[in-house]
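A closer look at the structure
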Amino acid sequence: MLLRNLWRAALTAAALTASTRADDANNPTGQSTFISPDNSLAFAFTVPDNGNTDVYFSLRVSTKRSWGAVGLGSDDMPGALFLILYRSKNNRDNVTFSPRLAYGNYEPKYYPDLKFEVLDGTGVKDGYMMFNAVCNEHCRSWPAGGTSKGYIDVSSPNQQAVYALGPKESFSDDEPDANLKMHSEYGTFTIDMKRTQGRADLPVLTEDSVAEGTTLNSHSTGKFDWKAAAHAAFMVFSFMLLLPIGAILIRTEKLAKFHKFNQTFALGLVLGGFAFGILASFHYQRSRGFHSLHQVLGFIVILLMFVQLAMGILHHLKWRKTKKPTTFGKIHLWNGRIVMTLGAVNGYIGFGFALDRRYALIVLGIVFFLVMCTLGYIVWAAKRQMPRRQQGPSGFEGLNHSYQQQQQPEPWRSTGYTATVTAAPSYPHDPPPGYEAPSAQIGLQNVTPWRGATPGRGSYEDEPLNLGSSQKPREFT
Ligand SMILES: *[C@@H]1O[C@H](CO)[C@@H](O)[C@H](O)[C@H]1NC(C)=O
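Owing to the predicted nature of the structure, the values given are computational and were not obtained by experimental measurement. (Residues numbered from 1 in each chain as written. Predicted model: local features only at pLDDT ≥ 70, side-chain atom pairs only at ≥ 80, totals over all residues. Heavy atoms only, no water.)

Here we look at the overall build of the protein chain
Note the cut-off: Comment: elements are numbered from the N terminus, with helices defined as DSSP H or I runs of at least four residues and strands as E runs of at least two. For every residue, the accessible area (1.4 Å probe, protein chains only) is compared with the maximum for its type, and the residue is labelled buried under 20%, exposed over 50%, or partly exposed between those bounds. Whether two residues are in contact is decided by their heavy atoms: any pair within 4.5 Å suffices. Calculation of accessible area relied on Shrake-Rupley with a 1.4 Å probe; when residues are assessed, cover is drawn exclusively from the protein chains displayed.
Scanning the protein chain from N- to C-terminus turns up 9 helices and 14 strands. For the protein chain, with 477 residues in total, the buried portion stands at 45%. The long-range fraction of contacts in the protein chain, counting pairs at least 24 apart against all pairs at least 6 apart in sequence, stands at 66%. In the structure as shown, the protein chain presents an accessible area of about 24,600 Å², 62% of it carried by carbon and sulfur atoms.

Section: the pattern of salt bridges
Two side chains with opposite charge may pair up if their charged atoms get near one another. Stated formally: A carboxyl oxygen of Asp or Glu within 4 Å of a side-chain nitrogen of Lys or Arg is what we treat as a salt bridge.
One pass over the structure, following the stated rule, counts 11 salt bridges. Here Lys 181 and Asp 356 are joined by a salt bridge, their closest N and O atoms 2.8 Å apart. Of this pair, Lys 181 sits in the loop between strand E11 (159-165) and strand E12 (185-191) while Asp 356 sits in the loop between helix H5 (327-353) and helix H6 (357-383); the two residues are 175 residues apart in sequence, bridging distant segments of the chain. Pair check on accessibility: Lys 181 and Asp 356 agree, each one buried. For Arg 199, the salt bridge identified is with Asp 201, shortest N-O distance 3.3 Å. Its relative accessible area of 67% is what places Arg 199 among the exposed residues. Counted as one network, the salt bridges with shared partners bring together Glu 169, Lys 181, Asp 356 and Arg 358.

Notes on the site of the ligand
Convention followed: Each residue is tested against the molecule or strand, and it is near if at least one of its non-hydrogen atoms lies within 4 Å. As used in this structure description, the phrase polar contact means that two N or O atoms lie within 3.5 Å; if the pair is within protein, one of them must be able to donate a hydrogen and the other to accept it, and residues adjacent in sequence are counted only when both atoms belong to side chains.
Around the ligand sit Asn 91, Asn 94, Val 95 and Val 118, and that is every residue in its neighbourhood. Asn 94 has a polar side-chain atom sitting 2.4 Å from an oxygen atom of the ligand. At 3.2 Å, a backbone N or O of Val 95 approaches an oxygen atom of the ligand. When the ligand is considered free in solution it has 360 Å² of accessible area, and contact with the protein chains removes 42% of it.

Description of the environment of Gly 352
Looking at the secondary structure, you find Gly 352 in helix H5. In the structure, Gly 352 is positioned 58 residues away from His 294 in sequence and 9.4 Å away in space, judged by C-alpha atoms.

Some remarks on the sheet that holds strand E14 (residues 214-220)
What counts, and what does not: Paired strands, as defined in this entry, are two strands with at least two bridges between them according to DSSP.
Taken in spatial order, the 7 strands line up as E7-E6-E5-E4-E11-E12-E14 in an open sheet, and their pairing is antiparallel. Every interior strand has two partners, whereas the edge strands, strand E7 (109-110) and E14, have only one.

Looking at the environment of Ile 191
When you line up the elements, Ile 191 lands in strand E12. Taking relative accessible area as the criterion, Ile 191 reaches 1% and is therefore assigned buried. As for Ile 191 and Leu 216, which are separated by 25 residues in sequence, their C-alpha atoms are 9.2 Å apart. With residues up to four places along the chain from it excluded, the contact list for Ile 191 reads Ser 32, Phe 43, Leu 72, Ser 156, Pro 157, Asn 158, Gln 159, Ala 161, Gly 213 and Thr 214.

Rendered as structure tokens:
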């Protein structure tokens, strides 16, 4: 008797709880609700019992995220129907809804055939983007694209679905086919669709909504496109640092021999960066076709870099025989300038292409710094009245003005004399015995203590560019 009473009391309590549940305006029965682990994304779903193909849904995404999406009909990307939400640009208080399809693990493509009606409550409010709609066509089935998917079974108690969230940054666009960044978080869940069948009405999704009729199966955070990041790192390091260093090296006296190693290493890194760029290109609609400006310019730069390598080798081989400037050298010089300029321009474009325009400022900053250094050098050289077009080592314009890089005193010269040599313009009036009076040009020439034979001084004037005689030992090593 007592037991039965207790049992009845328990049942009453349960019924009361159930009825409280049913009365909860935030969590009505007859809908399935998914809430992502940190509440950045919520999705609620109902299927009307009216025999047509409508489905009602509410999608809510935190404004801290650039975008949020639910993919229906699959536990991975290929074959799913994606319902994507981001902020509108024209009207920051509204949202852009973007239905898309994907048949692989890459940015889904806009699917304009989906027909839907926007319902009340859509917009941006209290830190959330909200989208309420009834979907009239193509929400229950869509092109399978070679997969075995392409539909949802609205009588299934565990229909598969995925969700994804863009990086935590501000983003807005009015176009439903806007370029998006890769997700930083994603996961899989199942939806009980069967239980949602009933009246034709919009599900309820509020701050106090809880997950119901859905199960989170897996989720993963902290994702980013490391291939695109590696591409950027390799390219910026090569184009903004290594290649300019190599261009300076060839103009120096002592380090010119490192030019070829430096530039070959840079080319190797560029090719590595190129490979990462190709791999990253498959991730996005804007790059899968390989015909965007950044990509085409990139292909051209890579091609020109091989031209550059060939011209450098040909120049070197010919110069070794003739010790005269070559046409190859001239092409190498100008092609090098073009490659570095195009590389910098393409870096700037590339950061915009990756939706990271703020990082393009780094490229701008480095270019500005390099240009300032070059201008500074030109002005400084002009002030010192240095002949700017002097031939440097290896048959290129050089920085090897000898009063700029004075050699160590030659053993046959007295130390007292060397001190004045460093201040080239004021030569002593009486040079040490056995030393020929230098011509006016001597201050600009390279002194070559390691060379055994004494050069005929007159030959310097015949050969004002000082082609290589001083470089000979190095060039043959
Ligand atoms: C808000 O966006 C929706 C969907 O993009 C659109 O249908 C609606 O007209 C917009 N509302 C306003 C007030 O701009």
